[in-house]
Amino acid sequence: AVRFANGRLERPESLRFTVYRNRDSAHPRKRHRRILVSETERLCYVGHNFGSQVMKCNSLCRYFVGVLDKSSGQMDVYNAEIFNMQPLLSGGGAGSHSCWAALVSWQGARPNPSLERARRGEHRLGVGVGVTHKVSLLKCSLVCVWLVLPGVLRVLQSVLCPVQMDLCIEAFGTSKQKRALSSRRMNAVGSDIVSTAVTKAAANVIDAKGVTGLMQDVAQDDVQNISAFLPPCHEDAERPEHVYRFEDILSAAEYEALRVPAATLASITAEEMAKRTEERSLCSFVLEELKFLPTDEKSRDHKARCLWFLDTLIKFSQQKVIKKKHPMGPECPHIISKKLMKNFTSLTYNNGSIQNLISASMKAKITAYVIALALHINNFQTDLTVLQNDLKLSESRILDIAKALRLRVSKAKGVPGLENEQNHKLGTLSLPLPTQKAPEGQRKRKKMS
């Protein structure tokens, strides 16, 4: 049984397989070694049952193949072994090198009897007889022994140098190999020509803009890349609530759609709060804020709507691939589900269908919107550590996003009663906004005392 490492076969019936076995039949280990070679229209594949790259499943399990006789209805069961078929490419990868090394070190590995008949010209598929040619290549004599068998030509590519291999293909290769060689030579460009052109182009750009100008362009590009995943920022705002406007987070129609689902939070009782805390059906940030709902009906309803949407965003970020039409359940309004799918997922193509994926960049975008909404809920100061635990992020990740949002980060004692009462990080949005900086990359590790 075989499996191909780089994809699926469209026409498996067109494959031809050749099995090689070790000559040393007396050796207790070597006599079980096999090399399986297969050739398709595009590539040659090699698999083996020995070496460091062998599949572990063969030593842990036993496999069987059943052959059903349709006339009698009986099935014959045979022992099987799985070969992981790796493609052989020009230049010699790990698979091709190990395959040829094994063939040489086996004291002339011998194939099965069908291959012996092929060398004598007796194979029913008409495999050609081995031919020996002596050709003058690059002012030296090179003896090329060509066994015209499936896959052998690709194995030789890992042994001969590229120039010798190209000359051998010119003399003895198939028409397909000759066409590939011609295309490769037409597309080849000398490395010295490329290096000279790149050096000259770089010198022209440096002369035109200068090193300082180029560094400023790179920093500006980094800032723009960060801003693509943040809520719209109004730097010229005169008040903190206008920096990240509430309308940019929730439109009027979306805000109105939250009235019905948020009503349960607005009218929650102490018993229901204790039950939800025990069940952990709401995130820690929302549970804590529900303890301080305003008494005024309008303010209470507004805060409940914001908390319901924030809890929905956090739960949505925990998913990987969105397969359901309503990922957050039927109680979530349609306009909110549409917003989540459109603004916080990326489209990917997999197994012949388009799927919605919450990638790492989309999770960073969700985190930015959660922080912005939490600022509106908490008078533009929020506990980043509580949000970090709810979003299941590392501290460095949420601090990077908070700094990209132009927040000032400070330390504060954790909220009593939560799992962590260590120093928490507070994010504050205040004017004037601090200067935006691109991420500095990996932080330096602290030295252990």
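This text goes with the structure placed above it.
Residues numbered from 1 in each chain as written. Predicted model: local features only at pLDDT ≥ 70, side-chain atom pairs only at ≥ 80, totals over all residues. Heavy atoms only, no water.

1. Considerations on the overall build of the protein chain
Okay, so step 1: Looking only at helices and strands, one finds 17 helices and 16 strands in the protein chain.
Okay, so step 2: Scored against the burial criterion, the 449 residues of the protein chain give a buried share of 35%.
Okay, so step 3: The long-range share in the protein chain, meaning contacts at least 24 apart out of those at least 6 apart in sequence, stands at 58%. (Helix = DSSP H or I, 4+ residues; strand = E, 2+ residues; numbered from the N terminus. Buried < 20%, exposed > 50% of the residue type's maximum accessible area, 1.4 Å probe, protein only. Contact = heavy atoms within 4.5 Å.)

2. Some details on the pattern of salt bridges
Okay, so step 1: One pass over the full model with this rule turns up 9 salt bridges.
Okay, so step 2: Here E288 and K291 are joined by a salt bridge, their closest N and O atoms 3.4 Å apart.
Okay, so step 3: Accessibility expressed as a relative area gives 16% for E288, which makes it buried.
Okay, so step 4: A salt bridge links K315 to D311, with the shortest nitrogen-to-oxygen separation between them at 3.0 Å. Placement of both K315 and D311 in helix α13 (residues 297-317) is noted, with a separation of 4 residues, approximately one turn of the helix.
Okay, so step 5: Taking relative accessible area as the criterion, K315 reaches 38% and is therefore assigned partly exposed. (Salt bridge = Lys/Arg side-chain N within 4 Å of Asp/Glu carboxyl O.)

3. Some details on the pairing of strand β16 (residues 423-428)
Okay, so step 1: With 5 of 6 residues buried, β16 is to be regarded as a mostly interior element.
Okay, so step 2: Sheet topology places strand β14 (residues 381-383) next to β16; 3 bridges connect them, and they run antiparallel. Pairing of Q381 across the sheet is with T428, part of β16. (Pairing = 2+ DSSP bridges.)

4. Brief notes about helix α16 (residues 384-391)
Okay, so step 1: Within α16, 7 of the 8 residues are buried, leaving the element largely enclosed by the surrounding structure.
Okay, so step 2: When α16 is considered as a whole, its buried residues turn out to be L384, T385, V386, L387, Q388, D390 and L391.
Okay, so step 3: One side-chain oxygen of the residue at the start of α16 lies 3.0 Å from the amide nitrogen of T385, identifying that residue as D383.
Okay, so step 4: In the segment just after α16, K392 is the residue with positive phi, at about 60 degrees. (Polar contact = N/O pair within 3.5 Å; in protein donor to acceptor, adjacent residues only side chain to side chain.)

5. Some points on the nonpolar core
Okay, so step 1: Membership of the largest hydrophobic core comes to 64 residues, with the highest contact counts inside it found for F285, L290, L310, F316 and I371.
Okay, so step 2: For this core, the element with the highest residue contribution is helix α15 (residues 360-377), accounting for 12 residues. (Core = buried A, V, L, I, M, F, W, Y, C linked by side-chain atoms within 4.5 Å.)

6. Notes on unusual backbone geometry
Okay, so step 1: Cis geometry is adopted by the peptide bond preceding P432, which originates at L431 and carries an omega value of -5 degrees.
Okay, so step 2: Locating P432 in the fold gives a position in the segment after β16.
Okay, so step 3: Even without a glycine there, the phi angle at F380 is positive, about 65 degrees.
Okay, so step 4: For F380, the position within the fold is in the loop between α15 and β14.
Okay, so step 5: Even without being a glycine, K392 presents a positive backbone phi close to 60 degrees.

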